[in-house]
Amino acid sequence: MQRKADIERKSKETQIKVSLNVDGTGKTKIKTPIGFLDHMIELFTFHGYFDLDLSVSGDTHIDIHHTNEDIGIVLGKAFKKALGEEKSGIKRFGYAYAPMEATVGLCVIDISGRGFFKFNSASILPVQKGTEGYEFSHFEHFMESFALNLGATLSFTLQNPSDDLHTNLETMFKSLGMALDQATTIDPRREGQVPSTKGIID
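Focus on the environment of F146
Okay, so step 1: Position of F146 among the secondary structure elements: in helix α3 (residues 136-150).
Okay, so step 2: Judged by relative accessible area, F146 falls into the buried class, the value being 1%.
Okay, so step 3: Sequence-wise, F146 and H66 are 80 residues apart; in three dimensions their C-alpha atoms are separated by 14 Å.

Describing the confidence of the model for the chain
Reading fine detail from the predicted coordinates is not recommended where pLDDT is low.
Okay, so step 1: Looking at the chain as a whole, the pLDDT averages 92, with 95% of positions reaching at least 70.
Okay, so step 2: Element-level pLDDT for the chain is lowest in strand β7 (residues 116-121), with a mean of 92, against a maximum mean of 98 in strand β5 (residues 93-100).

Observations concerning the pattern of salt bridges
Okay, so step 1: Counted according to the given criterion, the structure contains 6 salt bridges.
Okay, so step 2: Among the ionic pairs, R3 bridges to D23, the shortest N-O distance being 2.7 Å. Taken together, the residues R3 in the segment before β1 (4-10) and D23 in the loop between β2 (14-21) and β3 (28-31) connect sequence positions 20 residues apart.
Okay, so step 3: In this structure R3 comes out as buried when scored by relative accessible area, which is 5%.
Okay, so step 4: For D110, the salt bridge goes to R92, with nearest N and O atoms at 2.6 Å. Of this pair, D110 sits in strand β6 (residues 103-110) while R92 sits in the loop between α2 (65-83) and β5, placing them 18 residues apart in sequence. Residue D110 shares its accessibility class with R92, and that shared class is buried.

Reading the values: the criteria
Residues numbered from 1 in each chain as written. Predicted model: local features only at pLDDT ≥ 70, side-chain atom pairs only at ≥ 80, totals over all residues. Heavy atoms only, no water. Helix = DSSP H or I, 4+ residues; strand = E, 2+ residues; numbered from the N terminus. Buried < 20%, exposed > 50% of the residue type's maximum accessible area, 1.4 Å probe, protein only. pLDDT = per-residue confidence, 0-100. Salt bridge = Lys/Arg side-chain N within 4 Å of Asp/Glu carboxyl O.

Here it is in structure tokens:
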């Protein structure tokens, strides 16, 4: 069974096309109006071994909020569609650490059918801005949209946060890729079975 999905979403604010292969090798073709986010998504897909073709246009002349959030929505929907309604045979849970110098990002995920996002840090982060006006709050909106539309509990912990936004976000996007790869892996001991004692994931 090939776990793939093609989704196209058009609104007055954004136009997004996605082609996803969960069982890929990390090949990507990503083009959005937010170059910084392109880089983060490329890190996520490369370390998750997901093949992704993503084409986006949006109203970034106003701001990047709509485009950033809508990409999270569509990517979440694409993974949900590719995994199938019952999520048969997947491990469901995943976690991974990704270090970068002193900073360490941890992602824990449960593809439970229930969308939830939480970010944790040992210290309060100042308002951080990267290139193209990308801020830490944009990361939170992106991940919340992704989690809700995938139907997953998604938790990030940032240890020893850096003063550099790029460093902080890179550790978390990488850890997301590795954790989601683990969670979507087919476990041969439960192949063809719904990974829940309830018998359904909803």
